[in-house]
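Chains, contacts and geometry: an overview
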Number of protein chains: 2
Amino acid sequence: MEYPRPLTMVDVVLFTIADDTLSVVLEKRANAPFRGRFALPGGYIHVDEDEDAEDSARRVLAAKCGVSDVYLEQLYTFTGRARDPRDWSVTIAYCAVAPAQRVPARASTKIVPLTEATGLPFDHDRILARAATRLRDKATYSSLPGFLLPETFTYPQLQRVYEVVTGEHLDTSSFRRKTLELRMIEPVSSTQERGARGRPAQLYRLADQTLRAYQRKI
Amino acid sequence: MEYPRPLTMVDVVLFTIADDTLSVVLEKRANAPFRGRFALPGGYIHVDEDEDAEDSARRVLAAKCGVSDVYLEQLYTFTGRARDPRDWSVTIAYCAVAPAQRVPARASTKIVPLTEATGLPFDHDRILARAATRLRDKATYSSLPGFLLPETFTYPQLQRVYEVVTGEHLDTSSFRRKTLELRMIEPVSSTQERGARGRPAQLYRLADQTLRAYQRKI
DNA sequence: TGAATAGTGTCTTTAAGACACTATTCA
DNA sequence: TGAATAGTGTCTTAAAGACACTATTCA
């Protein structure tokens, strides 16, 4: 026996760092409901062209934000009768992370500081809050914030990104010790940054395109 | 513009401990596909009666396993064209944890050791694997395994549950120190277990019906 | 040389692990 | 009293934090 099927969508929380501030990409809605309002980029699952929902999320990210090949992980699935005025709905939310350079400027999108992304339509405030918690949480035990940086970066840049995401000051020495222990980054051979004031820094890249995380024991 | 909607379901991985072994509840499928085979308990979302998908999961758990008021958390959403022969499908998987006493014996269900729950239909092996990873992971930094025990329990029982879930031997002294630090349990006033050999143990209960977890810092 | 930023060494503090010890019950 | 199980104290080891120090560049 079959049942009426709920609306099924994906929504993406795309984080980036703009002006040293943790920010999120919003999209101006082209359709009802909430036409003209800014919301999380999202869209229907296209069963004819998407192999799975992660495919849908990547398609949405490419179509609506011009962003591809970024770190993407499933966040949570938000469901219920009340969250969308059209119908009982399911949205599979994804969390994406990209360096600002990879997010093109577009008329239909804007990059806003996380703290200013409130009052969004649907339950997007809740989705965003959960995504922010996930990101901050993973910043304390994984390499996730590293995906906010371009291909190569310096240690001070990496540390700064962790500080921006967690909102806390980190000690240089301890930070290096722990990232070394995780082996999350590797030096890019014999390349240094030049031209700035002070001693030029060694460049690094992420050791892995997947996440590195600590294990904790009870 | 609307798109054809995928099939939308929930599946539940219900963990329990039977004979000192981490086990999972399977249900004999009453309908096609895979009629007669054992699989994870699951079912369609009923948009007319369920407020949200967690509601659906609790309804499924009550209807198919006779289990209610248990710890339940969303695990992951499995999607795609290939995972169900009927259609492009979405299943929101939940992870549930209950003491064996609360899982009634039924003709249509069976409790099997986790290690023997393989070769399940659909992608249920994958779902189960992810659930097991989640449970074992949370056993290292949260009170989750505590929900495998009845209302009140002793310290040795609690430690045993953690050992069964993680598969590792734990030191009594360290275990007590850490659970104290988390403040996850509290003594039940002036009640002791009696009758067994040896010194009777103090009874405890979980301090909280929600999860308690450590924070680690990078 | 000194301002600026990068990077290291080391002492202190805190948490984890190991393990021997004491405590309370029953037969 | 001794077997059995519950529960504690304490020494050792490892990880985290704090912070002063050295290093390399440019003007």
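Remember, it's a predicted structure, so these values are computed and weren't measured experimentally.

The subject of this paragraph is the pattern of salt bridges. Residue and element names in this part refer to chain B. Scanning all chains against the criterion turns up 26 salt bridges over all chains. Among the salt bridges present, the one from Asp 20 reaches Arg 160, with a minimum N-O distance of 2.8 Å. Here Asp 20 is found in the loop between β1 (7-18) and β2 (21-28), whereas its partner Arg 160 is found in helix α3 (residues 155-166), with 140 residues between them in sequence. Here Asp 20 falls in the partly exposed class, since its relative accessible area comes to 43%. The partner of Asp 84 in a salt bridge is Arg 86, with the nearest N and O atoms 2.7 Å apart. On the basis of relative accessibility, which here comes to 35%, the residue Arg 86 falls in the partly exposed class.

This next bit is on the protein's contact with DNA strand C. Inspection of the region around DNA strand C gives 21 residues, with Ser 173, Arg 176 and Gln 202 of chain A together with Arg 177 and Lys 178 of chain B positioned closest. Within the side chain of Arg 176 of chain A, a nitrogen or oxygen atom sits 2.7 Å from a phosphate oxygen of DNA strand C. One of the side-chain nitrogen or oxygen atoms of Arg 199 of chain B is found 3.3 Å away from a base nitrogen of DNA strand C. Within the residue set of the surface near DNA strand C, elements represented by two or more residues are α3 (155-166) and α4 (172-182) of chain A together with α4 (172-182) of chain B. At five residues, the largest contribution of residues to the surface near DNA strand C is made by α4 of chain B. A per-class count over the surface near DNA strand C returns six nonpolar, six polar and nine charged.

Residue and element names in this part refer to chain A. Partitioning chain A into domains gives domain 1 (7-139) and domain 2 (144-206). Relative placement of domain 1 and domain 2: their C-alpha centres are 27 Å apart. Domain 1 puts 15 residues into the contact, and the matching count from domain 2 is 12 residues. Of the roughly 1,200 Å² buried between domain 1 and domain 2, counting both surfaces, carbon and sulfur atoms make up 76%. Three residues stand out in domain 1 for area buried against domain 2, namely Ile 17, Asp 20 and Ala 139, and they jointly supply 36% of the buried area on that side. Linking domain 1 with domain 2 are one salt bridge, by the criterion used here. For the pair domain 1 and domain 2, the number of links is one residue pair in polar contact (both at pLDDT 80 or more).

Let us now look at the pairing of strand β2 (residues 21-28) of chain A. Residues and elements named next belong to chain A. Along β2, six of the eight residues are buried, which leaves the element largely enclosed by surrounding structure. Sheet topology places strand β1 (residues 7-18) next to β2; four bridges connect them, and they run antiparallel. Within the sheet, the bridge partner assigned to Phe 15 lies in β2 and is Val 24. Where β1 folds back onto β2 in an antiparallel hairpin, the turn is made up of two residues, including Asp 19, whose phi is positive at roughly 50°. As defined by bridge partners, β2 adjoins strand β7 (residues 109-113) across five bridges and the pair is classed as antiparallel.

Near DNA strand D lie 21 residues; those nearest to it are Arg 177 and Lys 178 of chain A together with Ser 173, Arg 176 and Gln 202 of chain B. Sugar and phosphate atoms form 57% of the subset of DNA strand D atoms that lie within 4 Å of the protein. In the model, a phosphate oxygen of DNA strand D is placed 2.8 Å from a nitrogen or oxygen of the Arg 176 of chain B side chain. Measuring from a base nitrogen of DNA strand D, one finds a side-chain N or O atom of Arg 199 of chain B at 3.3 Å. Taken together, the elements giving at least two residues each to the surface near DNA strand D come down to α4 of chain A together with α3 and α4 of chain B. The residue makeup of the surface near DNA strand D, split by class, is six nonpolar, six polar and nine charged.

Take chain A, turn it by 180°, move it 0.0 Å along the axis, and it overlays chain B with an RMSD of 0.1 Å. Seen this way, the second copy is the image of the first under a two-fold rotation axis. Mapped onto chain B, 100% of the interface residues of chain A are again interface residues, and the two copies thus contact each other with one and the same surface.

All names here are of chain B. Remark: helix α2 (residues 124-139) packs on α3, axes separated minimally by 9 Å, with the N-to-C direction vectors making an angle of 135°. With respect to their mutual orientation, α2 and α3 come out oblique. The two elements α2 and α3 meet at a crossing, and its hand is left-handed. Contacts between α2 and α3 pair Leu 135, Arg 136 and Ala 139 from the former with Tyr 162, Val 165 and Thr 166 from the latter.

Chain A puts 43 residues into the contact, and the matching count from chain B is 43 residues. Carbon and sulfur atoms supply 54% of the area that chain A and chain B bury against each other, a total of about 4,200 Å² over both sides. The interface formed by chain A and chain B contains 16 residue pairs in polar contact (both at pLDDT 80 or more). Where the side of chain A that touches chain B is concerned, the elements lending two or more residues are β1, β5 (71-80), β6 (89-97), α2 (124-139) and α4 of chain A. No other element matches the five residues that β5 of chain A contributes to the side of chain A that touches chain B. In terms of residue class, the side of chain A that touches chain B is made up of 20 nonpolar, nine polar and 14 charged.

Before going further, it helps to spend a moment on the environment of Ser 56 of chain B. Along the chain, Ser 56 of chain B turns up in helix α1 (residues 53-65). Residues Ser 56 of chain B and Val 70 of chain B, 14 residues apart in the sequence, show an inter-C-alpha distance of 14 Å.

All right, on to α3 of chain A then. Residues and elements named next belong to chain A. Along its 12 residues, α3 runs 17 Å from first to last C-alpha, staying within 8% of the 16 Å computed at 1.5 Å per residue. Taken together, the buried positions of α3 are occupied by Tyr 155, Leu 158, Gln 159, Val 161, Tyr 162, Glu 163, Val 164 and Val 165. In the stretch just after α3, Gly 167 is the one whose phi turns positive, near 75°.

Criteria and thresholds
Residues numbered from 1 in each chain as written. Chains lettered and ligands numbered in written order. Predicted model: local features only at pLDDT ≥ 70, side-chain atom pairs only at ≥ 80, totals over all residues. Heavy atoms only, no water. Salt bridge = Lys/Arg side-chain N within 4 Å of Asp/Glu carboxyl O. Helix = DSSP H or I, 4+ residues; strand = E, 2+ residues; numbered from the N terminus. Buried < 20%, exposed > 50% of the residue type's maximum accessible area, 1.4 Å probe, protein only. Near = heavy atom within 4 Å. Polar contact = N/O pair within 3.5 Å; in protein donor to acceptor, adjacent residues only side chain to side chain. Nonpolar A, V, L, I, M, F, W, Y, C, P; charged D, E, K, R; others polar. Domains from an automatic or database assignment. Contact = heavy atoms within 4.5 Å. Buried area = accessible area lost by both parts, 1.4 Å probe. Pairing = 2+ DSSP bridges. Least-squares fit on C-alpha atoms with pLDDT ≥ 70 in both. Axes fitted to C-alpha atoms, helices over the stretch in contact; angles between N-to-C directions. Parallel < 35°, antiparallel > 145°, perpendicular 65-115°, else oblique. Left-handed = near helix turned anticlockwise from the far one by under 90°. Expected span 1.5 Å × (residues − 1).

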